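# Architecture at a glance
The primary structure of each chain is shown beneath.
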Amino acid sequence: MFSAVVRLSASGVRALARTRPGYTAPLACRCYSHAKAETDEEFDARWVTYFSKPDIDAWELRKGMNTLIGYDLVPEPKILDSALRACRRLNDLASAIRILEAVKDKSGPHKEIYPYVIQELQPTLKELGISTPEELGIDKV
């Protein structure tokens with residue numbers, strides 16, 4: 001009888017003393033992409049090519065601009081030039097002005113970016129007959 005009590009109490013003590021599981025969980029690891037990082041020039045060329053497609057439609061234009069504006073950057077003037085020319089091919093003045101408004105919004109507190117972009121786009125705007133939001137007076141609304 002005494003040996004049964006000792007045996008039960010010993011296994012009970014061992015069960016209480018064992019607080020961690022008998023297995024170890026795998027360590028979390030990060031799986032980084034092994035893809036080559038895209039340079040700024042490749043990024044710009046990709047978007048210029050996207051907006052220069054001769055068969056681009058209005059949905060693709062809006063989708064491309066939404067994706068581009070979603071990035072943490074202000075698009076380069078050459079990308080915007082290509083997008084404005086796509087708007088002209090589609091005869092979509094509203095989208096062209098919306099692009100300029102989005103660039104102004106993306107410039108945020110950096111007041112020198114938007115005037116620079118407009119300065120770089122001025123020949124294209126004149127060629128395509130597109131007015132800026134400031135010229136139309138809708139920036140004050």
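Everything in this summary refers to the structure shown in the same document. Everything quoted here is computed from the prediction, not taken from an experiment. (Residues numbered from 1 in each chain as written. Predicted model: local features only at pLDDT ≥ 70, side-chain atom pairs only at ≥ 80, totals over all residues. Heavy atoms only, no water.)

### Quick notes on the packing of aromatic side chains
- Applying the stated rule across the entire model yields six aromatic pairs.
- Where Phe 43 meets Tyr 71, the ring centres are 5.5 Å apart and the plane angle is 65°; that geometry is what we call edge-to-face. Residue Phe 43 is located in helix α2 (residues 40-51), and its partner Tyr 71 is located in the loop between α3 (58-70) and α4 (77-90); the two are separated by 28 residues in the primary sequence.
- The class of Phe 43 is buried, set by a relative accessible area of 12%.
- On the basis of an interplanar angle of 85° and a centroid distance of 5.2 Å, the ring pair of Tyr 50 and Phe 51 is categorised as edge-to-face.
- Under the relative-accessibility criterion, Phe 51 is labelled buried at 0%.
- A network of ring pairs unites the aromatic residues Phe 43, Trp 47, Tyr 50, Phe 51 and Tyr 71 as a single cluster. (Phe/Tyr/Trp six-rings, centres within 6.5 Å; stacked < 30°, edge-to-face > 60°. Helix = DSSP H or I, 4+ residues; strand = E, 2+ residues; numbered from the N terminus. Buried < 20%, exposed > 50% of the residue type's maximum accessible area, 1.4 Å probe, protein only.)

### Topic: the nonpolar core
- Counting 24 residues, the largest nonpolar core has Phe 51, Leu 84 and Leu 100 as its most contacted members.
- Those elements that place two or more of their residues in this core are α2, α3, α4, α5 (93-107) and α6 (113-128).
- Aside from chain neighbours lying at most four places away, what touches Phe 51 is Ile 56, Leu 61, Gly 64, Met 65, Leu 68, Ile 79, Ser 82, Ala 83, Ala 86 and Arg 89. (Core = buried A, V, L, I, M, F, W, Y, C linked by side-chain atoms within 4.5 Å. Contact = heavy atoms within 4.5 Å.)

### Examining unusual backbone geometry
- In this model, Asn 91 sits at a positive phi of 60°, which is unusual for a non-glycine residue.
- Mapped onto the elements of the fold, Asn 91 is located in the loop between α4 and α5.

### A look at the packing of α3 against α4
- Between α3 and α4, whose axes approach to 10 Å, the crossing angle comes to 160°. Our classification of the angle between α3 and α4 gives roughly antiparallel. Where α3 crosses over α4, the handedness of that crossing is left-handed. Along the contact surface, α3 presents Ala 58, Leu 61, Met 65 and Leu 68, while α4 presents Ile 79, Leu 80, Ala 83, Ala 86, Cys 87 and Leu 90.
- A per-class count over the contact of α3 with α4 returns ten nonpolar, no polar and no charged. (Axes fitted to C-alpha atoms, helices over the stretch in contact; angles between N-to-C directions. Parallel < 35°, antiparallel > 145°, perpendicular 65-115°, else oblique. Left-handed = near helix turned anticlockwise from the far one by under 90°. Nonpolar A, V, L, I, M, F, W, Y, C, P; charged D, E, K, R; others polar.)

### So, α4
- For α4, spanning 14 residues, the distance from its first C-alpha to its last is 20 Å, which sits close to the expected 20 Å at 1.5 Å a residue.
- Among the residues making up α4, those that are buried are Pro 77, Ile 79, Leu 80, Asp 81, Ser 82, Ala 83, Leu 84, Ala 86 and Cys 87.
- Where α4 is buried, its residues touch α2, α3, α5 and α6.
- After α4 finishes, the residue Asn 91 shows a positive phi value of roughly 60°. (Expected span 1.5 Å × (residues − 1).)

### A closer look at the packing of α4 against α6
- Across the interface, α4 lies against α6 with an axial gap of 10 Å and an inter-helix angle of 25°. Comparing their axes, α6 and α4 come out roughly parallel. For α4 against α6, the interelement crossing comes out right-handed. Here Pro 77, Leu 80, Asp 81, Leu 84, Arg 85 and Arg 88 of α4 come into contact with α6, specifically with Tyr 116, Val 117, Glu 120, Leu 121, Thr 124, Leu 125, Glu 127 and Leu 128.

Shape descriptors only; they carry no functional weight alone.
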